Amino acid sequence: MSDKNKKSKLKETIKKKPLLSSVIVTLPLGLAGAFLACMPTFLRSGDPAAEKLLALPISILFIGFMLAAFVLYPLVLTGAELYLLFALAMNPGKEHARHRIFDIVTVPLGLMYSHLYLGLMDVKFASNWTEQLANSQQHTPIYTQSTLTVWVIALAGFAGYLTVSFLPIKKTPPLLLVLGMSAMYLGTIESIVWGVQIYQNPFTSLPLLLLPLNCILITARTILTKIREWEHIPHEMHKIHRIPFLQSCSRILDNAKVWPLAAFLLMWPLLGILIAILVLFGQAPDSVIRAWTETSGWNLSRRVAPQNVYYDEHYLCTVAAGGHRKIVKPLRLGMRHGHEVIVNRQLCVANAFEQVLEERTPRFHRALRNFYDKYGFPVARCIRSPYAADLIYYLMKPLEWFFLAVLYLTDVHPEDRIAVQYMGDRSKSALSPECRSGHLHGSGSECSCSDS
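These numbers were taken from a predicted model, which means no experiment stands behind them.

Peer 1: How should a nonpolar patch on the surface be read in this particular structure?
Peer 2: The grouping of V23, L27, F62, I63, F65 and M66 at the surface amounts to a nonpolar patch, some 530 Å² of accessible area in total. Within the residue set of the nonpolar patch, elements represented by two or more residues are α2 (18–45) and α3 (50–88). Inspection of the secondary structure puts F62 in helix α3. A residue is classified by how much of its surface remains accessible, and F62, at 55% relative accessible area, is exposed.

Rendered as structure tokens:
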């Protein structure tokens, strides 16, 4: 088979199965990127052992699939939408119908990717600006009490797309097409507002901006395609042309070039109708605005959330203090490594016990600290939810009672020592001279007040 025939056959295959072709193109790119990423590390190791030779292809396959699925494929879909807008919108007909599968796949996948990317940014979707978060957590970019409004407008936009794109042009009243375009406008404007809300910088925000960009491309291509289809079909005269007013309305609707403007004007009463219906379901009349402004930390936010508290995720007692309030019973905020941390009695008792241990048996303390740092860190890093922190709190209870017993047997004022833990400068009175000196002069050995 000649090269010309091969290229012709390849083009025909891509036209018949465009979505499958996009997946087939993405996988090799992902594998190539994984190969380039893994090979330098493998070559630097300088030890081509059998285990590493076996692990290399497995690593390339895994990283390549993840790279293709979650980084490259969204870009491929966006490139496909750009191609469809500039290449197929000028030739309406079967080509548009054949490639609508990209629209059906792009929007749901865009929602999934956005949710995943925001999760990686440690965004808590159920936490409004009034809640205090911890460490690098971020509040939801959409006010939870207005979520219904946001979803209804998005679904209206999708329903408008289905109406405009899938209904046969010869059997669809022009007014229905204009109404569908109005709904698409609403969905597209909402996606643009979403993009403005979550934009932070070009590098980190690019994956989140792909969904709004694709919504704009889909809306523009669908409307342009329908306008050109309408201009290429014959139109019959109707009896309403005998009535001047109806004749003027029909003349406007028969002119497809004015549909975008008519759809924009019709968008506002459609939005009013949706808001009126949502009010019946308990949504506030201004939920369309409050969905974006009743937030904190985002571009359209108008609220200031409480400052995030900090707790060291490396230490079990500190993590346990971040459990549910009714269980771990937080007492106050304390200072650790220059950050505010949640302090409960269990954490104070454990830290006070370690101070006593360091004062009375420094060698044993160092050995115990090294053992805990080696094996406690991996366990603590697995604790990512308040429920896991609650479990650690309960598991540490017997140790807490043991620590308390030791304190009462060895310290003249055990409760005073417990009370001053994590109090900043005020806690130095309870430290040993060696430990106090380390704080004042910045020595390399940290005292136990920063290690529980």
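Peer 1: For this particular structure, what's the right way to read the pattern of salt bridges?
Peer 2: Pairs can form between side chains of opposite charge once their charged atoms are near each other. Evaluated as defined, the whole model comprises 9 salt bridges. Its salt-bridge partner being R303, residue E294 comes within 2.9 Å of it at the nearest N-O pair. Relative accessible area serves as the criterion here: at 12%, E294 is assigned to the buried category. D411 is paired through a salt bridge with R417; the nearest N and O atoms lie 2.4 Å apart. Each member of the pair, D411 as well as R417, is classed as buried. One connected set of salt bridges, linked through shared partners, spans E81, D103 and R221.

Peer 1: I'm lost on empty space enclosed by the protein in this one. Help?
Peer 2: Evaluation of the coordinates by the stated rule reveals 1 cavity of 30 Å³ or more. The calculated volume of the largest cavity comes to roughly 90 Å³. Along its surface, the largest cavity is lined by P74, L77, T78, T106, L109, G110, Y113, S114, P207, L210, L211 and N214. Among the secondary structure elements, those contributing two or more residues to the lining of the largest cavity are α3, α5 (101–120) and α8 (202–231). Looking at the lining of the largest cavity, the element that brings in the most residues is α5, giving 5 residues. Looking at the lining of the largest cavity residue by residue, the classes come out as 7 nonpolar, 5 polar and no charged.

Peer 1: Looking at this structure, how should I read helix α14 (residues 345–360)?
Peer 2: At 3.6 residues per turn, the α-helix brings residues three or four places apart onto the same side. With 16 residues, α14 should cover 22 Å at 1.5 Å per step; its first-to-last C-alpha distance of 23 Å lies within 8% of that length. For α14, the buried fraction is high: 12 of the 16 residues fall into the buried class. Looking only at α14, the buried set comprises Q346, L347, C348, V349, A350, N351, A352, F353, E354, Q355, V356 and L357.

Peer 1: What's the story with the nonpolar core in this structure? I'm lost.
Peer 2: M181, L186 and W259 are the most contacted members of the largest nonpolar core, which totals 24 residues. Among the secondary structure elements, those contributing two or more residues to this core are α6 (147–166), α7 (174–198), α8 and α10 (259–280). In terms of nonpolar packing, the next biggest core, distinct from the first, is built from 17 residues, L77, F102, Y117 and I198 among them.

Peer 1: Before we go on, may I ask you to explain unusual backbone geometry in this structure?
Peer 2: Positive phi is not limited to glycine here, since K329 has a value of about 50°. Looking at where K329 falls in the secondary structure, it is placed in the loop between α13 (325–328) and β3 (330–336). Using a relative accessible area of 53% as the deciding quantity, one classes K329 as exposed. Backbone geometry places Y422, a non-glycine residue, at a positive phi of 60°. Here Y422 falls in the buried class, since its relative accessible area comes to 3%.

Peer 1: When you look at the packing of aromatic side chains in this model, what are you seeing that I'm missing?
Peer 2: Centre distance and the angle of the planes are the two values used to describe a pair of aromatic rings. Under the counting rule described, the total for this entry stands at 10 aromatic pairs. Pairing Y393 with Y394 gives two aromatic rings, centres 5.8 Å apart and planes at 65°, and the pair type is edge-to-face. Classification of Y393 as buried rests on a relative accessible area of 8%. An aromatic cluster is defined as three or more aromatic residues linked by ring pairs; in this entry it consists of F70, Y113 and Y117. Looking at R100, its charged tip hangs above the ring of F166, at a distance of 4.2 Å from the centre.

What counts and what doesn't
- What you see as residue numbers is a count from 1 along each chain, following the sequence as written.
- In keeping with the predicted nature of the model, local features appear solely for residues at pLDDT of at least 70, side-chain atom pairs appear and are counted solely at 80 or more, and the whole-chain, interface and lining totals rest on all residues.
- The side-chain numbers reported here are obtained from all heavy atoms of the structure, hydrogens and water having been left aside.
- The residues that make up patches have over 30% relative accessible area and no salt bridge, and they are joined within 9 Å when like-charged or within 5 Å when they are Val, Leu, Ile, Met, Phe, Trp or Tyr.
- Using the Shrake-Rupley algorithm and a 1.4 Å probe, accessible areas are obtained, with residue cover drawn only from the displayed protein chains.
- By salt bridge we mean one thing: a side-chain nitrogen of Lys or Arg within 4 Å of a carboxyl oxygen of Asp or Glu.
- The secondary structure listing takes helices from DSSP runs of H or I that are at least 4 residues long and strands from runs of E that are at least 2 residues long, numbered from the N terminus.
- Each residue's exposure class comes from its accessible area (1.4 Å probe, protein chains only) as a fraction of the maximum for that residue type: buried when under 20%, exposed when over 50%, partly exposed otherwise.
- Cavities and pockets were defined on a 1 Å grid built from protein atoms only: a cavity is a group of points that admits a 1.4 Å probe but offers it no way out, a pocket is an open group of points flanked by protein on both sides within 12 Å along at least five of seven lines, and a lining residue is one with an atom within 4 Å of any such point.
- Grid points are joined across faces, edges and corners, and a volume is the space filled by probe spheres set on the points.
- Following the grouping adopted for this structure description, the nonpolar residues are Ala, Val, Leu, Ile, Met, Phe, Trp, Tyr, Cys and Pro, the charged ones are Asp, Glu, Lys and Arg, and the polar ones are all others, Gly among them.
- The span one expects for a helix is its residue count, reduced by one, times 1.5 Å.
- We call a set of buried Ala, Val, Leu, Ile, Met, Phe, Trp, Tyr and Cys residues a nonpolar core when their side-chain atoms join them within 4.5 Å.
- Side-chain rings of Phe, Tyr and Trp, where Trp is taken by its six-membered ring, are said to pair if the distance between their centres is within 6.5 Å; with planes under 30 degrees apart they count as stacked, over 60 as edge-to-face, and otherwise as tilted.
- Only when the NZ of Lys or the CZ of Arg is both within 6 Å of the ring centre and within 35 degrees of the ring normal is a charge said to sit over the ring.

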